[in-house]
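# Examining the three-dimensional arrangement
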Amino acid sequence: MFTLAEVASLNDIQPTYRILKPWWDVFMDYLAVVMLMVAIFAGTMQLTKDQVVCLPVLQSTVNSKAQPSTSGKADFTTVETTTGQEDSSMRTVSFGSAPTVTPDVPLSRATSSQYQPTESGQELKKEQKDSSGRKTNLDFQQYVFINQMCYHLALPWYSKYFPYLVLIHTIILIVSSNFWFKYPKTCSKIEHFVSILGKCFESPWTTKALSETACEDSEENKQRLTGAQSLPKYVSTSSDEGSPSASTPMITKSGFKFSADKPLIEVPSVTILDKKDGEQAKALFEKVRKFRAHVEDSDLIYKLYVGQTVIKTVKFIFILCYTANFVNTISFEHICNPKVEHLIGYTQFECTHNMAYMLKKLLISYISLICVYGFICLYTLFWLFRIPLKEYSFEKVREESSFSDIPDVKNDFAFLLHMVDQYDQLYSKRFGVFLSEVSENKLREISLNHEWTFEKLRQHVSRNAQDKQELHLFMLSGVPDAVFDLTDLDVLKLELIPEAKIPAKISQMTNLQELHLCHCPAKVEQTAFSFLRDHLRCLHVKFTDVAEIPAWVYLLKNLRELYLIGNLNSENNKMIGLESLRELRHLKILHVKSNLTKIPPNITDVAPHLTKLVIHNDGTKLVVLNSLKKMTNVAELELQNCELERIPHAIFSLSNLQELDLKSNSIRTIEEIISFQHLKRLTCLKLWHNKIVSVPSSITHIKNLESLYLSNNKLESLPAAVFSLQKLRCLDVSYNSIALIPVEIGLLQNLQHFYITGNKVDVLPKQLFKCVKLRTLSLGQNCITSIPDKVSQLLQLTHLELKGNCLDRLPATLGQCQLLRKSGLVVEDHLFDALPPEVKEVLNQDTSIPFANGI
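Residues numbered from 1 in each chain as written. Predicted model: local features only at pLDDT ≥ 70, side-chain atom pairs only at ≥ 80, totals over all residues. Heavy atoms only, no water.

The name recorded for the protein in an unreviewed UniProt entry is Leucine-rich repeat-containing protein 8D, from Charadrius vociferus. According to the UniProt record, the Sequence similarities (unreviewed entry) comment for the protein is "Belongs to the LRRC8 family." (UniProt positions renumbered as here; feature names shortened; annotations may be inferred.)

## Some remarks on the overall build of the protein
Secondary structure assignment for the protein yields 21 helices and 27 strands. Expressed as a percentage of the 855 residues in the protein, the buried residues total 47%. Accessible surface for the protein amounts to roughly 42700 Å². Of this, 53% is attributable to carbon and sulfur atoms. (Helix = DSSP H or I, 4+ residues; strand = E, 2+ residues; numbered from the N terminus. Buried < 20%, exposed > 50% of the residue type's maximum accessible area, 1.4 Å probe, protein only. Areas by Shrake-Rupley, 256 points an atom, 1.4 Å probe, with all protein chains shown as cover.)

## Regarding the side chain of Glu 801
Mapped onto the fold, Glu 801 is located in strand 26 (residues 799-801). Although Glu 801 is buried, it forms no salt bridge, and the closest oppositely charged side chain is Lys 803 at an N-O distance of 8.5 Å. Those residues within four positions of Glu 801 in sequence are excluded, and the remaining contacts are Thr 757, Leu 777, Ser 778, Leu 779, Gly 780 and Val 826. (Lys, Arg positive; Asp, Glu negative; His and termini not counted. Salt bridge = Lys/Arg side-chain N within 4 Å of Asp/Glu carboxyl O. Contact = heavy atoms within 4.5 Å.)

## A few points about the packing of aromatic side chains
Tallied over the full model, the rule gives 30 aromatic pairs. The interplanar angle of 65° and the centroid separation of 5.0 Å between the aromatic rings of Trp 180 and Tyr 305 together place this pair among those described as edge-to-face. Residue Trp 180 is located in helix 5 (residues 157-182), and its partner Tyr 305 is located in helix 10 (residues 300-324); the two are separated by 125 residues in the primary sequence. You can call Trp 180 buried: its relative accessible area is 0%. Taken together through their ring pairs, the aromatic side chains of Trp 157, Tyr 158, Phe 162, Phe 318, Tyr 322 and Tyr 366 make up a single cluster. Against the face of Trp 688 rests Lys 663, its NZ or CZ located 4.8 Å from the ring centre. Looking at Lys 686, its charged tip hangs above the ring of Tyr 709, at a distance of 5.2 Å from the centre. (Phe/Tyr/Trp six-rings, centres within 6.5 Å; stacked < 30°, edge-to-face > 60°. Lys NZ or Arg CZ within 6 Å of the ring centre and 35° of its normal.)

## Describing the packing of helix 6 (residues 184-202) against helix 14 (residues 411-423)
With their axes 12 Å apart at the nearest point, helix 6 and helix 14 run at an angle of 55° to one another. Here helix 6 lies oblique to helix 14, going by the angle between them. As for how helix 6 packs across helix 14, the hand of that crossing is right-handed. Here Lys 189, Ile 190, Phe 193 and Leu 197 of helix 6 come into contact with helix 14, specifically with Asp 412, Phe 413, Leu 416, Leu 417 and Val 420. Of the residues assigned to the contact of helix 6 with helix 14, the class counts are seven nonpolar, no polar and two charged. (Axes fitted to C-alpha atoms, helices over the stretch in contact; angles between N-to-C directions. Parallel < 35°, antiparallel > 145°, perpendicular 65-115°, else oblique. Left-handed = near helix turned anticlockwise from the far one by under 90°. Nonpolar A, V, L, I, M, F, W, Y, C, P; charged D, E, K, R; others polar.)

## A word on the confidence of the model for the protein
Of all residues in the protein, 79% have pLDDT values of 70 or greater, and the mean over the chain is 79. The low-confidence segment residues 61-121 (pLDDT under 50) makes 121 contacts with residues lying over four places distant or belonging to another chain. Taken as a whole, residues 572-578 scores under 50 in pLDDT and shows 16 contacts with residues more than four places along the chain or in a different chain. (pLDDT = per-residue confidence, 0-100.)

## With respect to the pattern of salt bridges
Under the definition given, this model contains 18 salt bridges. Of the charged contacts, one joins Asp 29 and Lys 21 as a salt bridge, the two residues approaching to 2.9 Å between their closest N and O atoms. Here Asp 29 and Lys 21 have matching classes, each one buried. Residue Lys 290 pairs with Glu 286 through a salt bridge whose shortest N-O separation is 4.0 Å. Residue Lys 290 and its partner Glu 286 are located together in helix 9 (residues 275-295), separated by four residues, close to a single helical turn. A relative accessible area of 34% places Glu 286 in the partly exposed class.

## What about the state of the cysteines?
Counted according to the given criterion, the structure contains two disulfides. Here Cys 150 pairs with Cys 336 through a disulfide, and the sulfurs are 2.2 Å apart. Linking Cys 150 and Cys 336, the disulfide has an S-S dihedral of approximately -90° and is accordingly described as left-handed. With Cys 150 in helix 4 (residues 140-153) and Cys 336 in strand 5 (residues 333-336), this pair connects stretches of sequence that are 186 residues apart. As far as the burial class goes, Cys 150 and Cys 336 line up, both buried. Numbered by position along the chain, the disulfide-linked cysteines of the protein connect as 1-4, 2-3. Unpaired in this structure, Cys 520 has its nearest cysteine sulfur neighbour in Cys 518, at a distance of 8.2 Å. (Disulfide = S-S within 2.5 Å.)

## Focus on the sheet that holds strand 1 (residues 52-56)
An order of 1-6-5 is seen for the three strands of this open sheet, with the pairing classed as antiparallel. Two strands in the sheet have a free side with no partner beyond their single neighbour: strand 1 and strand 5. The sheet shows a mean angle of 25° between the axes of neighbouring strands, direction not considered. Helix 4 contacts strand 1, strand 5 and strand 6 (349-353) of the sheet and is inclined by roughly 115° relative to strand 1. (Pairing = 2+ DSSP bridges.)

## As for the pairing of strand 18 (residues 612-617)
Counting buried positions over the six residues of strand 18 gives five, a clear majority of the element. Here six bridges tie strand 17 (residues 589-594) to strand 18, and the two strands are oriented parallel to one another. Residue pairing in the sheet places Lys 593 in a bridge with His 616 of strand 18. As defined by bridge partners, strand 18 adjoins strand 19 (residues 636-640) across five bridges and the pair is classed as parallel. Residue pairing across strands places Ile 615 opposite Leu 639, the latter belonging to strand 19.

## A closer look at helix 18 (residues 526-535)
Within the span of helix 18, buried status applies to Ala 528, Phe 529, Phe 531 and Leu 532. Buried residues of helix 18, viewed axially, fall in a sector of 160°; they line one side. Residues of helix 18 that are buried in the fold lie against strand 12 (501-502) and strand 14 (523-524). (Arc of directions from axis to C-beta.)

## Thoughts on a nonpolar patch on the surface
On the surface, Trp 23, Val 26, Phe 27, Tyr 30, Val 372, Tyr 379 and Phe 382 cluster together to form a nonpolar patch covering roughly 690 Å² of accessible area. Those elements that place two or more of their residues in the nonpolar patch are helix 2 (23-49) and helix 12 (356-386). The element contributing the most residues to the nonpolar patch is helix 2, with four residues. One can find Val 372 in helix 12. A relative accessible area of 35% places Val 372 in the partly exposed class. (Patch = residues over 30% accessible without salt bridge, like charges linked within 9 Å, V, L, I, M, F, W, Y side chains within 5 Å.)

## Comments concerning the pairing of strand 11 (residues 491-495)
In this structure, strand 10 (residues 469-474) lies alongside strand 11, joined through five bridges in parallel fashion. Looking at strand 11, one finds that Leu 473 is bridged to Leu 494. With five bridges connecting them, strand 11 and strand 13 (residues 514-518) associate as parallel partners. Across the sheet, Lys 493 pairs through a bridge with His 516, a residue of strand 13.

Quick look at the structure:
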C-alpha cells in the first residue's frame, strides 16, 4: 500500500511553474487532493473493517398463530445463532412471521421457547431468561464460508471497488491537469519561459524603465493637485503630457505634500546601471528575442492545455453518469443465494453489510466533489474559447508606459502571457519592457555612455598616416555621447555599429572633415545633418546591400571625396542609379569598390566637377564603359580587377586624363596604345598585373609620359622605343622574364626610379649608370654576378636592392654614393660585412643631413 504523500506527489510541480496556474487549476488541485483522501480513507476502512454477516432463511414458519402477552402485544419468537465468535452475535426476533435481527444475545444457545402470559411479572421474567433462538445446525466454519461467499455474490461490485475507482479516477485527473508541465516538447518551452520571465521581473532595468514611466505619471498627478489647490500659475496647459522638462520645475517650486492614500515615490529620471546589471539586461533582451521567434511559430502548448481540459470534462461527465446510478445500490441488507445447499443445507441467506452507511456517505461526498470539479472544468473551457488566447495585445502597457513600440504576440507566446495574467498582470507588464526596441536602445545607450567615458575615448585617439587625429570605434551598440566632446578630432571611423545615431552635438567637432561608416547605416538629426552638409569633406561608406547607404549621403553638397564599398551590381542597384549624386556639386573624387558589370550612366551627373574616378571590381567583367566618354574632366582613372582584355576605347576620349591605372585585368595586347597620343596630358600609365607579352613601338607617341608600370606581366624584352620617352622618370618592369637591359637605357637622363626585380638579368650595362638622377634602383632576384664600379656615378641614389643575385662582393665605390645609407641598401649580410671598414663607416652614418641635402 502507498501513502497519501506518495500519491499526492503526482500533483506536485516546480514552484516556479505556479505563475502559470490560474485559480481554477489551483482549486482543482485541492479538490483532487480531497478526492485522494476520500479514496484512501475508504480503502483503509474497507481493508480493516469491511465484512458481511449472514444467517440462513428457514423454510417453515413457527407459531403462525399470535398469542397475547401480558403487555397486550403479539407473541414473538426469538432465534439465536452464533458464528463462533463472541463479539459477532445476532438475535433474530420474529414478530408474527417477520424475523428481525437484534444484537447482544449469545448465539450458542440453540433452543427455542414461546412466551406465555402469566399471572405475575416474576414468572414472565423467568420464562424470558430461559428462552433461546431457533436452531440452524450450522457450525462456525460453515458461517465463515457463507459470509465470504455472500460477500462476493450478494454485494454490488461498486460497494466492493468504490475506493479503488475513486483512486484511479483521481490519479487520471491529476495527470491530466499537469501533463503540459511534463510533456517534453512543452515542458522545455515552459521552463525557458518561466526562467526568462522571472529574470525580467527582477531585473533592475525593468524597475528603472517602469519607474521612469511612473515618474512621468506622477508629474501629471502633481499638476492635477496643483490645479485642485487653486494655483493656476502652476497648471500646465501643454498637450505634452509626458514632458518632464515642462512640468518638473513647476512641481519643485510648489512643494506640495500628497495624501497618504496615494503616496508618490520620487525616482530620478536618469539612473546608472552597474556594468553587471547592464550586461544581464542586454542578455535578457537577446533571450527574449530568440524565445519569441522560437515559440511564436507553434501553438502546441495551447492545444495541449485545451486537450487536457476537454479530457477532464469528459471524465467528469463519465464519472457522474455511472456513479449516480450506484448510490441506491449500496444498502445494509442483502439476500444471498449461493447455491451451496449440498454443503450448508440452506438455499437462501439474509446478510448485512456493516460498511454500507459509511460507503454511501463517502460516495455522496465524492459525487459532490466531482460536480464542483466538473463545473470548474466547464468554466475553464468557457474561458479558453471566450477570447482568442492565441493573440496577446500589450495595448494597455503601451498606454501606461513610454514604450509605444511593444509588439503584440501570438500562438503559444500569447497563451503563456494570458496564463500569467491570471496569476499577476504585473509580470506581463514587466516582461513587455524587454519586447520594446526603444527600451533596448535606451539600455544600450545608458550602458554605452557609462562604459565609454571621455577619458577612455581620448586614450583611443591616434595619429594616422596623414598626421590627423583619428578615432576608430568598432562593434559598439551605438555612438557614445562623449565622442562629440572630442572637438579637435579630424577623422571619425564607425564600424559595425548598426544603431549609430549622430546627434546635434556633432556641431561641436569643428575640425571633423572625414567620416567612415563601415556597415553602419547611421541616422542623423536635422541639426547634425546641416553641420555635416557644410563641413564634411571626405566620406567612406562600406555596406553589404545598397539599402544600407544612408539617404543623407547624397545631399552633402560640400563633399569632396566619396568612397563606396559594397554590392552595387546593376541587377539590384535601383537606388544606386546615382541620380541623387546631382546634389554633390563639389565632388572631386569618386571611389567605387564593387561588382559592377557596367558603369552607371547617371554617374555623368557629377562629371563636370569630377577629377578622379576609381572602380575596383571583385573580378566581375566590366562590359559597358560608354559613360566614360562624358567624363571629360577626369584627370585620374582607375579600372582595377575588371577582367578587361583590351584597353577600352572610351578612355581615348578623356582629353584631360593624366593618370590611367588598369591594374589586375586580363589585357594581353596593348596595340591600342597608339591612340594615347591624343591624350596630351597623360603622364602616368599603369598596366601592371596583366598578361602583356610585348610593348609596341608606338609607345613613343606618348611624349609626356613620366611613369610607366609594366610589372607582373609576361614581357621577355624591352623595345628600344621605351627608352625614347625622354620625360620618363619611373620605369617598373619587375617580375617579368626580361633577360637583358638594353643599352638604350642610358638615354633616359630623367629616370629616377628603375625597378627590374624578379627577372633573368645577368649583366648590367654600363649605360645604366649614365642615368645619374637615379634615386631608386631595384635589381633583386636576378642572376647578376657583379656590380660595376661605375655605380659611384649615381650620386643621388638612396635605395639600392641587390638581394637574391649571384654576387661575390660589393664594389668599394658604393661609398661614393653620397646619399646611400645602410637602411637603403638591401643586400645579404655577408656581402655588406665584406666591404672595407671605411665604406661601411660611410654607409652607417646618420642619414638625416645628407638625405635632406639630396632632396
